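Coordinates in review
Listed below, chain by chain, are the residues.
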Amino acid sequence: MKVLIIVDIQNDFLPGGALAVPGGDQVIPYINGIQGDYDLVVATQDWHPSDHFSFISGHPGREVFDVLNLEGGQTQILWPDHCVQGSLGAQLPGSLAQEAIHAIFRKGVNKEIDSYSGFFDNRRQASTGLGGYLTEKGATQVDVCGLAADYCVFFTAMDALEQGFKTRILLEGTRAIDDQDFVQKQKQFLSAGGALS
Ligand code: VGL
Ligand code: ZN
């Protein structure tokens, strides 16, 4: 049972968006073309309240991409405000084929906690239900594509592995915010038992 997870293909991550990933739009034709190869296609959607803790607008005097040290050794990158619930920036673009997407799992809804993975928030306090959904559907192989490679794609793929799925990141179907960072994360993913293709 082969599943495709399309991560955060949303206007704000595309050129012109609030947190544009370089070349992010280039993956859309590829993702449209492969959806038919899967038994099941699901998507994730970054879906933040307008006062989300990760937003630069709530931290006057700080700069975008500054890293905050939180309690318990956790860190938080400050992002441009993005993917606000109900905004145009949070929408999936019209250029993404959506007929085959069976379900969309929203994340980042708790204003206090960021959520890169499509399965759990960054403190692993809450699950989106994606893991249970995939297990109930009988998923075995999970392929992950979308944006951004070094954040939500990577953490979603790592959690898919941990949930026991055979997991691949589709390199043609993803783009990174920081390519160097993604090189390091690819190594981490391979060491954890993931595959790249
Ligand atoms: C993402 C940063 C903040 C992503 C989401 O989708 O990769 N990155 N929120
Ligand atoms: Zn976000």
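Every residue gets a number counted from 1 within its own chain, in the order that chain's sequence is written. Here chains are named by letter from A upward and ligands by number from 1 upward, in the order in which they appear as written. The predicted nature of this model means local features are confined to residues of pLDDT at least 70 and side-chain atom pairs, given and counted, to a pLDDT of 80 or more, with totals for whole chains, interfaces and linings taken over all residues. The side-chain figures draw on all heavy atoms in the structure; neither hydrogens nor water molecules are used.

**Re the coordination of the zinc ion (ligand 2)**
The protein atoms donating to the zinc ion (ligand 2) are Asp46 (OD), His48 (NE2) and His82 (NE2), with metal-donor distances spanning 2.0 to 2.2 Å. Note on donors: an N, O or S atom is included if it sits within 2.8 Å of the metal, or within 3.2 Å for Na, K and Ca, and water is never included, so sites can look incomplete. Angular criteria define each label, namely tetrahedral for four donors with all angles between 85 and 135 degrees, square planar for four and octahedral for six donors with opposite donors over 155 degrees apart and remaining angles between 65 and 115, and irregular for whatever fails these tests. Here the zinc ion (ligand 2) binds four donor atoms, and the angle range of 89 to 169° at the metal identifies the geometry as irregular. Every donor residue of the zinc ion (ligand 2) comes from the same chain, spaced as D-x1-H-x33-H. Summary of the burial criterion: residues with accessible area below 20% of their type's maximum are buried, those above 50% are exposed, and those between are partly exposed, where the area comes from a 1.4 Å probe applied to protein chains only. For Asp46, a relative accessible area of 3% translates into the label buried.

**What to know about the site of ligand 1**
The cutoff for a nearby residue is simple: one of its non-hydrogen atoms must lie within 4 Å of the molecule or strand. Residues in contact with ligand 1, as listed here, are Asp8, Phe13, Leu19, Asp46, Trp79, His82, Tyr116, Leu147, Ala148, Tyr151 and Cys152. Here Asp46 contributes a side-chain N or O atom positioned 3.0 Å from a nitrogen atom of ligand 1. Think of a polar contact as two N or O atoms within 3.5 Å of one another; within protein, one of them needs to be a possible hydrogen donor and the other a possible acceptor, and neighboring residues in sequence only count if both atoms come from side chains. Here Ala148 contributes a backbone N or O atom positioned 3.0 Å from an oxygen atom of ligand 1. Residue burial considers only the protein chains on display, and all accessible areas are found by Shrake-Rupley using a 1.4 Å probe. Contact with the protein chains covers 100% of the free accessible surface of ligand 1, which is 260 Å². Ten residue types, Ala, Val, Leu, Ile, Met, Phe, Trp, Tyr, Cys and Pro, are classed as nonpolar, four, Asp, Glu, Lys and Arg, as charged, and the remainder, Gly among them, as polar. Residue composition of the shell around ligand 1, by class: eight nonpolar, one polar and two charged.

**Description of the packing of helix α3 (residues 149-162) against helix α4 (residues 179-191)**
Remark: α3 packs on α4, axes separated minimally by 10 Å, with the N-to-C direction vectors making an angle of 5°. Considering the angle they form, α3 stands roughly parallel to α4. On α4, the residues that touch Ala149, Asp150, Tyr151, Phe154, Phe155, Ala157, Met158 and Leu161 of α3 are Asp181, Phe182, Lys185, Gln188 and Phe189. In terms of residue class, the contact of α3 with α4 is made up of nine nonpolar, one polar and three charged. Axis lines are fitted through C-alpha atoms, for helices just across the contact stretch, and the angle between N-to-C directions can take any value from 0 to 180 degrees. The helix count covers DSSP runs of H or I at least four residues long, the strand count covers runs of E at least two residues long, and both are numbered beginning at the N terminus. Working rule for angles: under 35 degrees goes down as roughly parallel, over 145 as roughly antiparallel, 65 to 115 as roughly perpendicular, anything else as oblique. Only heavy atoms matter for contacts: two residues are in contact if any of them lie within 4.5 Å across the pair.

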